[in-house]
Amino acid sequence: MQSFVPQGPTIGDVDGDGHTDVVVPTLSGNIYVLSGKDGSIVRPYPYRTHGRVMNQVLLVDLSKKGDKKKGLSLVTTSFDGYLYVIDGPTSCADVVDIGETS
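First, a word on what this report is: a plain description of the structure on this page.

On to the side chain of Thr76, then. Mapped onto the elements of the fold, Thr76 is located in strand β6 (residues 73-77). For Thr76, the residues in contact, after removing those within four places along its chain, are Ile31, Val53, Asn55, Gln56, Val57, Tyr82, Leu83 and Tyr84.

Next up, the structure:
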């Protein structure tokens, strides 16, 4: 990782493999997920936003009751003015323009 880390990491099973992962946002706009099993970068991360990520990443379970989906979603804002809701296992994101870039 070649960037400053503005906040502490967030801990949770992002990819649903049964091991706790470490989520680290950076000032360069990358969000890294490190495997709690061996410390390697979980693929397909890092996820790249288009602005600095200055806050901790929120990990939430957005699956419906009875859904077999594993893993958690990552939720954060970036200095590009968007809110990111990133599916943990796939890193596919829904992006919402919140219009705030400061």
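A few words now on the packing of aromatic side chains. The relation between two aromatic rings is expressed through the spacing of the ring centres and the mutual angle of the planes. Within this structure, the stated rule accounts for one aromatic pair. Ring centres of Tyr47 and Tyr84 lie 5.8 Å apart, and the angle between their planes is 70°; on these two criteria the pair is classed as edge-to-face. In this pair, Tyr47 is assigned in strand β4 (residues 47-48) and Tyr84 in strand β7 (residues 82-87), connecting sequence segments 37 residues apart. Exposure class is identical for Tyr47 and Tyr84. Each is buried. One residue, Arg52, lies across the ring of Phe79, its end atom 4.4 Å from the ring centre.

This paragraph deals with the pairing of strand β8 (residues 93-97). Bridge count for β7 against β8 is five bridges, and the pairing is antiparallel. Within β8, the residue paired with Val85 across the bridge is Asp94. In sequence, β7 turns back onto β8 through a hairpin of five residues, with Ser91 there showing a positive phi of about 65°.

A word on the sheet that holds strand β1 (residues 10-12). Pairing within the open sheet is antiparallel, and its four strands lie in the order β1-β2-β3-β4. Looking at strand neighbours, the two that pair on one side only are β1 and β4, the edges of this open sheet. In the sheet, strand β2 (residues 21-25) pairs with strand β3 (residues 30-34) via four bridges, with the strands oriented antiparallel. Directly across from Val22, in β3, lies its bridge partner Leu34.

Once that is clear, we can look at the environment of Ala93. Tracing the backbone shows Ala93 in strand β8. Ignoring sequence-local partners within four residues, the contact set of Ala93 consists of Tyr47, Val85 and Ile86.

Looking now at the nonpolar core. Core analysis: the biggest nonpolar cluster contains 14 residues, and Val23, Ile31, Tyr45 and Leu74 have the highest contact counts within it. Residue assignment for this core shows that the elements contributing at least two residues are β3 and β7.

Definitions and cut-offs
Residues numbered from 1 in each chain as written. Predicted model: local features only at pLDDT ≥ 70, side-chain atom pairs only at ≥ 80, totals over all residues. Heavy atoms only, no water. Helix = DSSP H or I, 4+ residues; strand = E, 2+ residues; numbered from the N terminus. Contact = heavy atoms within 4.5 Å. Phe/Tyr/Trp six-rings, centres within 6.5 Å; stacked < 30°, edge-to-face > 60°. Buried < 20%, exposed > 50% of the residue type's maximum accessible area, 1.4 Å probe, protein only. Lys NZ or Arg CZ within 6 Å of the ring centre and 35° of its normal. Pairing = 2+ DSSP bridges. Core = buried A, V, L, I, M, F, W, Y, C linked by side-chain atoms within 4.5 Å.

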